[in-house]
Amino acid sequence: GYQTAFIGKWHMGGESDGPRPGFGHWVSFRGQGTYLPTQNGLNVNGTRVPQKGYITDELTDYAIEWLKTQKPETAPFCLYLSHKAVHANFTPAERHQGRYKNAVVSKPKTSANTAETREGKPRWVRDQRNSWHGMDFPYHSDLDIDDYYRQYCETLLAVDDSVGRVLQQLKDMGVYDDTLVIYMGDNGFMFGEHGLIDKRVAYEESIRVPMVMQCPSLFSGGRVVEPVVANIDIAPTILEAAGLKAPSVMDGRSFLSLAQGKPTPWREYFLYVYYWEKNFPQTPTTFALRGD
């Protein structure tokens, strides 16, 4: 009985950005999309539509427009707003450009190329510093990591604006307290940690996914959940919040009770898997266990 919408970056099956099953409303683009308008434009429910402006703002406009059509008193809704930001190449909105140009960026301690930081690492990890994903000439360029990080932070500001607009719309609709909001990314990133950039190695900085969750009617705010939850747990959590049971084929588990502070038996480890990609030959297939 839910009204469903997907708005933003899908990035699975690069040949098509057409509507996927399960969504009643669809706004997307091919591949990574672009921060600024291009000829490809957007796919809105199967129709090609020009991209008018900065992508983060435009996707938020579509999200707000859809929310305004909802009648939660008769049908609940599920909106998946999937921003392109903050994927490289980082491009801030014009209003945010230069905001952090004078900000001091402190290099991580592990960025130093010393015997101490190299100790205990396998050869392929040490060699990565001399690759596309090393911090000394990242992406085979003379890119400055400090400037790269500043641009990342400036690009993220439009996402902050977006979240504020969406939350305000929920308040205007009178459903703010009863709406489960999950804010998350799809991976971490390294800006010089261990002498690397990017996300493909099983270091904490790259495997830890940002996630903040709120729903005042389900749990109080300000709690940090100690056990390790994983991306496979998101769908079962949403289903439980909706009063549904997750199908047995799902590997993950709902962590709603953890968010509510209830004693909950939980996994001791989760499995991190990265499969070798032809485009990034420096990183082999990797299996890692992450525990407490």
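The following paragraphs examine the structure supplied in this document. Worth saying up front: this structure is predicted, and the values here are computed from it rather than measured.

What counts and how
- Residues numbered from 1 in each chain as written.
- Predicted model: local features only at pLDDT ≥ 70, side-chain atom pairs only at ≥ 80, totals over all residues.
- Heavy atoms only, no water.
- Helix = DSSP H or I, 4+ residues; strand = E, 2+ residues; numbered from the N terminus.
- Polar contact = N/O pair within 3.5 Å; in protein donor to acceptor, adjacent residues only side chain to side chain.
- Contact = heavy atoms within 4.5 Å.
- Axes fitted to C-alpha atoms, helices over the stretch in contact; angles between N-to-C directions.
- Parallel < 35°, antiparallel > 145°, perpendicular 65-115°, else oblique.
- Nonpolar A, V, L, I, M, F, W, Y, C, P; charged D, E, K, R; others polar.
- Salt bridge = Lys/Arg side-chain N within 4 Å of Asp/Glu carboxyl O.
- Buried < 20%, exposed > 50% of the residue type's maximum accessible area, 1.4 Å probe, protein only.
- Patch = residues over 30% accessible without salt bridge, like charges linked within 9 Å, V, L, I, M, F, W, Y side chains within 5 Å.
- Areas by Shrake-Rupley, 256 points an atom, 1.4 Å probe, with all protein chains shown as cover.
- Expected span 1.5 Å × (residues − 1).
- Pairing = 2+ DSSP bridges.

On the secondary structure map, H83 appears in the loop between β5 (77–82) and α2 (115–118). Engagement of the side chain of H83 in a polar contact is seen with the side chain of S162, the distance being 2.9 Å. Each residue touching H83, except ones within four places of it in the same chain, is listed here: K9, T56, L59, T60, V159 and S162.

With their axes 10 Å apart at the nearest point, helix α1 (residues 55–68) and helix α4 (residues 145–173) run at an angle of 10 degrees to one another. Here α1 lies roughly parallel to α4, going by the angle between them. Residues T56, D57, T60, D61, I64, L67 and K68 of α1 form the contact with α4, whose participating residues are A158, V159, S162, R165, V166, Q169 and M173. Across the contact of α1 with α4, the residue classes break down as 6 nonpolar, 4 polar and 4 charged.

Right, let's talk about the pattern of salt bridges for a bit. Side-chain pairs of opposite charge can arise where the charged atoms are in close proximity. Under the counting rule described, the total for this entry stands at 13 salt bridges. Here R95 and D57 are joined by a salt bridge, their closest N and O atoms 2.8 Å apart. One end of the pair, R95, is in the loop between β5 and α2; the other, D57, is in helix α1, with 38 residues separating them in the sequence. In this structure R95 comes out as partly exposed when scored by relative accessible area, which is 45%.

Right, let's talk about a nonpolar patch on the surface for a bit. On the surface, Y269, L271, V273, Y275, F287 and L289 cluster together into a nonpolar patch covering about 690 Å² of accessible area. Looking at the nonpolar patch, the elements that each hand over two or more residues are β10 (270–274) and β11 (286–290). Inspection of the secondary structure assignment puts V273 in strand β10. Given the relative accessible area of 33%, V273 is considered partly exposed.

Given a rise of 1.5 Å per residue, 14 residues ought to cover 20 Å, and the 20 Å separating the end C-alpha atoms of α1 matches this to within 8%. Among all positions of α1, only I55, T56, E58, L59, T60, Y62, A63, I64, W66 and L67 are buried. Buried residues in α1 make contact with β1 (3–8), β2 (25–28), β3 (42–44), β4 (47–49), β5 and α4.

What follows deals with the sheet that holds β5. Strand order in the open sheet made by the 5 strands is β4-β3-β2-β1-β5, with mixed pairing throughout. Edge positions in the sheet fall to β4 and β5, since each of these pairs with one other strand and no more. When strand polarity is set aside, the average angle formed by the axes of neighbouring strands in this sheet is 15 degrees. The pairing of β1 with β2 spans 3 bridges and is parallel. Looking across to β2, one finds that I7 is bridged to V27. Running at roughly 175 degrees to β5, α1 makes contact with β1, β2, β3, β4 and β5 of the sheet.

Purely geometric numbers; function is a separate question.
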